[in-house]
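Given next are the chains, with one letter for each unit.
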Amino acid sequence: MGDIVSLVTKRLALGLLTLFVVSILIFFAVELLPGDIAEAVLGQSATPETVAALREQMGLNQPAVIRYLHWLAGAVTGDFGTSLVSGERVSAAIGPRFLNTLFLATYAAVIAVPFAIILGVIVALWRNTAFDRVANVLTLTSISSPEFFLGYVLILYLAVRTNAFPAIASLQPGMSFIEILHRTFLPALTLVLVVTAHMMRMTRAAIINLLSSPYIEMARLKGAPAWKVITHHALPNAWAPIINVVALNLAYLITGVVLVEVVFVYPGVGQLLVDAVSKRDFPVVQACCLIFAATFILLNLLADVGAILTNPRLRHPK
Amino acid sequence: MATNKKKDVLLKIQDLRIEAYADEKWFEIVHGVDLTLHRGEVLGLIGESGAGKSTIGLAAMGFARDGCRISGGSIEFDGMELTTTPQSALRALRGSRIAYVAQSAAASFNPAHKIIDQHTEAPLHYRIQKRVEAQEDAMELYERLRLPNPQEIGFRYPHQVSGGQLQRAMTAMAMACRPDLIIFDEPTTALDVTTQIEVLAAIRDIVDQFNTAAIYITHDLAVVAQMADTIKVLLKGEEVEEAPTAQMLENPKEDYTKSLWAVRSFQRDQKPRPTDPNVKPVVSVKNVDAAYGDTKVLDDVSFDIYEGMTVAVVGESGSGKSTTARCITGLLPPLKGEILFKGEKLPPSYKDRSKDQLRQCQMIYQMADTALNPKVRISEIIGRPAQFYMGLQGGELKSRVDELLDLIELEPSKYYNRYPTELSGGQKQRIGIARALAAEPSFIICDEVTSALDQLVAEGILKLLDKLQRELNLSYMFITHDLATVRSIADEVVVMQHGKVVEQGPKDVMFTPPHHPYTDLLLSSVPEMDPNWLSTLLEERGVDNIGEAAEI
């Protein structure tokens, strides 16, 4: 077990290092944007004196490196500064919305991951049959369509025509859990449609890749039925690539939801990010980017650990 | 072994035809083979690669690999016609009444499950035993097969157990449902000679104890002589001849069989070292230590190779033979010690060596398949080193490539523009040799160059290497685990074990007793054609003093 702990620790350290580099990129990329933040805040009618005063007040006259360090120090403790537009704490603005985004992502993942993997196993079992082809075509179609298009199609059929689900996924305080699930079903379903194909195809490919292995032939020659050959002999050895693709898609569920949130008017981070960009609210943009990057890095880290834990050679060293 | 076993017929195959799918057509690869096996009888199937041995073995289970189909004939197993039996009923035979032991146990055990869980899979599936019962039975079989710690070894994962032990565990697994018939498909080919013995002894024991019938597939005559009551020789999907073992060994009828028997007869004269003490060896390995990461793999290795001589480096897998080669070529800089070339010290890493130093030492690999880039024409594979080291261009380069193809006895006009995939295994290995020669080296490392080849083809390669050595005055370092090859071409022998040189000297001395105990173990473990060889050896040494357990 000592090996695994040290491996995981190494990965964790590497993840933190990556996050540090990303934070530098985010800060200085925003820094490079044209225009002056003070001027942007005050608008065109501002006098040079008021602009200078605001610059002084915001600390913009300090060198960029010092400001970066201040920002980083704050970010580490969860303090991303104040919004330039509303004057609110950025963390207070993002916090509840990030929870909403997490909720939607979890909702979609709970449906999509088991669905995609089970479907992947089934198409691997029935490979090259009509079912396999139909499943491939359908999932490919859904992944090839832009998510806003899928969203509108779902709204048309499941909200406008049949009235089964609400078209707008706005949340009010005091809603019951069931109500929330019902209200957010359409955005969740859109996300499911977007991420299923990738995971299903990877599951299928990873399993089929193993089917020519001698131990699969051995399992057949021991009289194991076809489904057992797939689930018991191939799948346990196929986890590493599957987990990696699942992690990538989970990360996408959190960071790629911007359009879906806009389509369904869902109060998540994506909406906030779009607003912040259009209003040049830089502290909010930076905070969102950093949270997205951290999500990506964390999920990939989990995927690495998962791949290690499913490898018997690493789990049970000689 | 053949006494009084022949009772009723268990398996009767008649006019078996099998087709394989390639280039969008079905090709017949087994052309009407007959086979009769009685209860408790062991039939040896032997032949070169492509003879259809494994395909026939699997057909005896009613199984055809993906891309193959049984296209004609009948397979009657204990009164059941397998060619017309539905898949579900066939599946019910597999693992329960007919079991299979594969060539590489390391690849055929599922890495994700414990050995004993794989062992009990079939008995549980067929509801023959409850889990605990099946596990106890597995442990008993492990004990009978003389596996160490029979109570505990099954609870390990396959990668935690050595190759020889895994192969025995796989034999135990085949026995789990006490089948009537076991197909052994080259079960010892991937093992070292010393490990091979313990597996052979174990297999023979258990087949005797349970009076199980078996089909034993191998390309090694000496091995099949120990195991089989009857031997059937196959060539390209057709039967050559079949006879009881003793008769087949003493008196083979067909020319092809005789040629198989005669393969090991090639032997070239042994050359002595130069007597003049001022002559420096071409390559001199001096007190070399090397490691992969923190794992030390070479410990104080020293030997010399003189001009025009062949030094065979022998030992089991993991003994450090190939690592020594990597040190000489500079791919793995040694931790300690030095490599001298004609008395001059070579830089430890290939990166620091001059073009001329690099040119002098070339390598030929075991797997010609993977050592040649499949996307590059033969002319370029051979021409590239000639261009790089000799600076040849245009017409000069072409005539040099032609010359090299002539040297390796391949018609230049025919092979110049071909790709490696269009060649046979032996031809590919010849291209590997030509590529090494293109650099005009004085020293070539041959790393198991014949072990992936059939015996007759390997013989051709050995003869070619010998001819080239005489014509070009080359020195060879010949890495091999096959002592028959050593006998035929070596001048000197270096025996390695656990990264150390345990013994070295001229071949005739090395093959005459007294030996170092490890050399003795290696030599005595090489199967001989005598059908009683294994029994005699086991009597001499005792069943518990062979293979990994042997005291040396």
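Residues numbered from 1 in each chain as written. Chains lettered and ligands numbered in written order. Predicted model: local features only at pLDDT ≥ 70, side-chain atom pairs only at ≥ 80, totals over all residues. Heavy atoms only, no water.

Named according to an unreviewed UniProt entry, chain B is ABC transporter originating from Zhengella mangrovi. What UniProt records for chain B under Sequence similarities (unreviewed entry) is the sentence "Belongs to the ABC transporter superfamily." Its UniProt record gives chain B a comment under Subcellular location (unreviewed entry), which states: "Cell inner membrane". (UniProt positions renumbered as here; feature names shortened; annotations may be inferred.)

As recorded in an unreviewed UniProt entry, chain A goes by ABC transporter permease and comes from Zhengella mangrovi. A UniProt comment under Subcellular location (unreviewed entry) is attached to chain A, and it reads "Cell membrane". In its Sequence similarities (unreviewed entry) section, UniProt records this for chain A: "Belongs to the binding-protein-dependent transport system permease family."

Let us look at the UniProt feature "transmembrane region" (unreviewed entry) in chain A. All names here are of chain A. If you check UniProt for "transmembrane region" (unreviewed entry), the listed places come out as residues 12–30, 104–126, 138–160, 180–200, 242–264 and 284–309 in our numbering. Structurally, residues 104–126 comprises 96% helix and 0% strand, and the distance from its first C-alpha atom to its last is 32 Å. Taken end to end, residues 242–264 is 87% helix and 0% strand, and its first and last C-alpha atoms sit 30 Å apart. (Helix = DSSP H or I, 4+ residues; strand = E, 2+ residues; numbered from the N terminus.)

Residues and elements named next belong to chain A. Running from N to C, helix α5 (residues 90–125) and helix α6 (residues 130–144) point in directions that differ by 140°, and their axes come no closer than 8 Å. Between α5 and α6, the interaxial angle falls into the category oblique. As for the relative orientation of α5 and α6, their crossing is left-handed in sense. In contact with Leu119, Ile122 and Val123 of α5, α6 contributes Phe131, Asp132, Ala135 and Thr139. Class assignment of the residues belonging to the contact of α5 with α6 gives a composition of 5 nonpolar, 1 polar and 1 charged. (Axes fitted to C-alpha atoms, helices over the stretch in contact; angles between N-to-C directions. Parallel < 35°, antiparallel > 145°, perpendicular 65-115°, else oblique. Left-handed = near helix turned anticlockwise from the far one by under 90°. Contact = heavy atoms within 4.5 Å. Nonpolar A, V, L, I, M, F, W, Y, C, P; charged D, E, K, R; others polar.)

To continue, consider the UniProt feature "domain: ABC transporter" (unreviewed entry) in chain B. All names here are of chain B. Per the UniProt entry, the sites bearing "domain: ABC transporter" (unreviewed entry) are residues 11–261 and 283–523 in this numbering. Counting secondary structure, residues 11–261 comes out at 37% helix and 28% strand; the distance between its end C-alpha atoms is 28 Å. Between the first and last C-alpha atoms of residues 283–523 the distance is 27 Å; the span itself is 41% helix and 26% strand.

Two strands in a sheet stick together by hydrogen bonds in their backbones, pointing the same way (parallel) or opposite ways (antiparallel). Residues and elements named next belong to chain B. If you trace the 6 strands from one edge of the open sheet to the other, you get β16-β17-β18-β13-β19-β20, paired in mixed fashion. In this open sheet, the two strands that pair with only one neighbour each are β16 (361–364) and β20 (500–506). Across the sheet, the axes of successive neighbouring strands diverge by a mean angle of 20°, strand direction being ignored. Pairing between β16 and strand β17 (residues 443–447): 4 bridges, direction parallel. (Pairing = 2+ DSSP bridges.)

Residue and element names in this part refer to chain B. Pairing in this open sheet of 4 strands is antiparallel, and the strands run β12-β11-β14-β15 from one edge to the other. Looking at the sheet topology across the chains shown, the edges are occupied by β12 (295–305) and β15 (344–345). In this structure, strand β14 (residues 336–341) lies alongside β15, joined through 2 bridges in antiparallel fashion. Bridging from a neighbouring strand, Phe341 pairs with Glu344 of β15.

The next subject is the UniProt feature "domain: ABC transmembrane type-1" (unreviewed entry) in chain A. Cross-referencing UniProt, the feature "domain: ABC transmembrane type-1" (unreviewed entry) maps to residues 98–303 of chain A in the present numbering. Taken end to end, residues 98–303 of chain A comprises 81% helix and 0% strand; its first and last C-alpha atoms sit 22 Å apart.

Residue and element names in this part refer to chain B. With 11 bridges connecting them, strand β1 (residues 9–22) and strand β2 (residues 25–38) associate as antiparallel partners. Within β2, the residue paired with Glu19 across the bridge is Glu28. Across 8 bridges, the pairing between β1 and strand β4 (residues 68–77) is antiparallel. Within β4, the residue paired with Ile18 across the bridge is Ile70.

The subject of this paragraph is the interface of chain B and chain A. Of the residues lining the interface, 28 residues belong to chain B; the matching set on chain A comes to 21 residues. Taking both partners together, chain B and chain A bury about 2400 Å²; carbon and sulfur atoms supply 57% of that area. Applying the counting criterion to the chain B and chain A interface returns 4 salt bridges. Between A:Lys222 and B:Glu121 there is a salt bridge whose closest N-O contact spans 3.2 Å. Summed over the shared surface of chain B and chain A, the number is 9 residue pairs in polar contact (both at pLDDT 80 or more). Only β6 (98–101), α3 (105–108), α5 (121–125) and α7 (163–175) of chain B provide two or more residues apiece to the side of chain B that touches chain A. For the side of chain B that touches chain A, the element with the highest residue contribution is α5(B), accounting for 3 residues. (Buried area = accessible area lost by both parts, 1.4 Å probe. Salt bridge = Lys/Arg side-chain N within 4 Å of Asp/Glu carboxyl O. Polar contact = N/O pair within 3.5 Å; in protein donor to acceptor, adjacent residues only side chain to side chain.)

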